[in-house]
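Understanding the architecture of this molecule
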Amino acid sequence: MSYNNNNGKNSKTGNYDNSNGAQTAYRQDDKAVLDKKRTPLKDVEAPLRDQVVSKLTKKVREMGLGQTVVRDWATANAQRAEWLDKQETYLRDWDEFVESSSDGPFAGSSTLHLPMVFTICKAVHARFQQALLGIDPYFSIKSRTEAYVERTQGIMMLMQYTLKDWINNYSGVESVVDTWLWDWVTTGCGLLKCGWETEYESYVDVVNAPKRSMEHIPNEDGSTTTRPTLKYVEEEVTVTKMVANCPTARLVRPEDLAIIGGMGDPNQADKIIHRDWLTASKLWTLADQKVFDEDCVREVIKSGDNPVSGSLASNIKQMRAENAGIVTLDTEIDLDKYEILEGYYKVDVDGNGINSNIVLWVHSKTGEVLRATYLRRMNKSGKRPFIKIDFYKRADQTYGMGLVEILHPLAVEMDAMHNMRIDFGTLSVMPIGFYRPTSSIEPAKIRLEPGVLIPVDNPSTDIVFPTMGNRVSFGYQEEQALQTMVERLTGMNDLSLG
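Residues numbered from 1 in each chain as written. Predicted model: local features only at pLDDT ≥ 70, side-chain atom pairs only at ≥ 80, totals over all residues. Heavy atoms only, no water.

1. Quick word on the environment of Gly325
What counts, and what does not: In this text, helices come from DSSP runs of H or I with a minimum length of four residues, and strands from runs of E with a minimum of two, each type numbered from the N-terminal end.
Looking at the secondary structure, you find Gly325 in the loop between α9 (315–323) and β5 (337–347). Separated by 42 residues in the primary sequence, Gly325 and Leu283 have C-alpha atoms spaced 31 Å apart.

Structure follows, in structure tokens:
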């Protein structure tokens, strides 16, 4: 890390303010690359099938589909605003990091939150995770015909290596499946996006490079013989290294995916919009691969970064971060990110009345179309790369129902009954009394404690300690009834849990 002492410079530009004698941390400026001639990565071009389809991109821009994607994203979030509000409510009332409320009917009253919903979700999640990942290999392959029996073992070993070691940049699929199942159990909707990732890194390295020269050898007769020689010398060279070339399976949060039409089926939907945040490094790499249009990438970076906080449907992300102890989604030490909308549309781009399945990448702020291609050039089967599972399917609806939503009213009632029973117990064991106002006791609240004598004129008549009675029995009965409802609703009880 290098520093300079130019006072008054903005740290955003990569300079440093040393006016107070302190050095501030380096802040990367993505726009600085735009002011000079950039050297693209060499030998990284993607296959022609994965590059920008120039004719389609031109048609898409002429049709104004870039701005259409931005408007559709805003409209879709407005239409599912109530569903997003419900998700915030459930997150606030059940999340595993929920904090006890400080409000109560009186000072010292019980405000406990019982983790009943979390316990049920954890048990169901563990069972399905064991069913999927607790076997080795993860699945078995059976040949449909005798001609391919000999190939089954090789295919099984390849899939085992892919899912356990190769996928997600050699980290395996277990972690993604874990969170995918957790979303499925809790929110009622689990979303995965499958694809292929190629990533490059550029650095300066030292290599032994061959260097040709002419060597002059003296002879006995005084003449010289010249012959070519080859030596290896150390040189600094710029190296472009492929650091990832593997299949991927990424978790997609429901608030980042808008499914428009198709009753929640990603492959039957009229439109799908997936939101993602990419760094400038990722944008430039895709431009060098000719996957993104370089001129559009320049316009995107020139327009400035897009903070995650404050974007559409980001409240849920903010609440998750706060519950986990993170103050904000965006900090000064993070790299700038740019909000890209990946739209899967059925559009008549040829003017013949027949819709084509196309995919386009649009910058949410400027509406720039960075890339457009046909879906079948990405996947010959024509299927979109999203896998969606619903816990309890709602007929003809986009999102399913999870255990959190199902158990939400019972959890609220359980907390209320438990805290009420604790408060009744507190009132029963803590003494509460009344005294005559004309007695010698000063008119104030008196805190009772062992070993304290309070002078009064006539203790037998001036002070009365009422009997509160036992009022906690109905709380036990109500909690037992609620627990019975939970067991019938979820099928999780002491017997099934062992």
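Moving on from the model shown.
2. Considering the pairing of strand β2 (residues 224–251)
Test applied: Two strands are said to pair when DSSP picks up at least two bridges between them.
Strand direction decides the pairing type here: strand β1 (residues 189–218) and β2, joined by 27 bridges, are antiparallel. In the strand pairing of β2, Arg212 is matched with Leu230. Taking the residues that link successive antiparallel strands as the turn, the β1-β2 hairpin has five residues, and the phi of Gly222 there is positive, at about 95 degrees.

3. Concerning the packing of aromatic side chains
In plain terms, the rule: Two aromatic rings from Phe, Tyr or Trp, using only the six-membered ring of Trp, form a pair when their centres are within 6.5 Å; if the ring planes differ by under 30 degrees the pair is stacked, by over 60 it is edge-to-face, and anything between is tilted. Burial classes follow relative accessibility: with a 1.4 Å probe on protein chains only, a residue under 20% of its type's maximum area counts as buried, one over 50% as exposed, and anything between as partly exposed. Charges are assigned to positions over rings by a cutoff of 6 Å between ring centre and Lys NZ or Arg CZ, combined with an angular limit of 35 degrees from the ring normal.
According to the stated counting rule, one finds nine aromatic pairs in the structure shown. Between Phe292 and Trp361, the ring centres sit 6.4 Å apart and the planes meet at 55 degrees, which makes this aromatic pair tilted. Placement of the pair is Phe292 in the loop between α7 (280–288) and α8 (294–302) and Trp361 in strand β6 (residues 356–363), with a sequence separation of 69 residues. Of the two residues examined, Phe292 and Trp361, each falls in the buried class. Taken together through their ring pairs, the aromatic side chains of Phe128, Trp184, Phe391 and Tyr392 make up a single cluster. Taking NZ or CZ as reference, Arg421 lies 4.3 Å from the ring centre of Tyr476, over its face.

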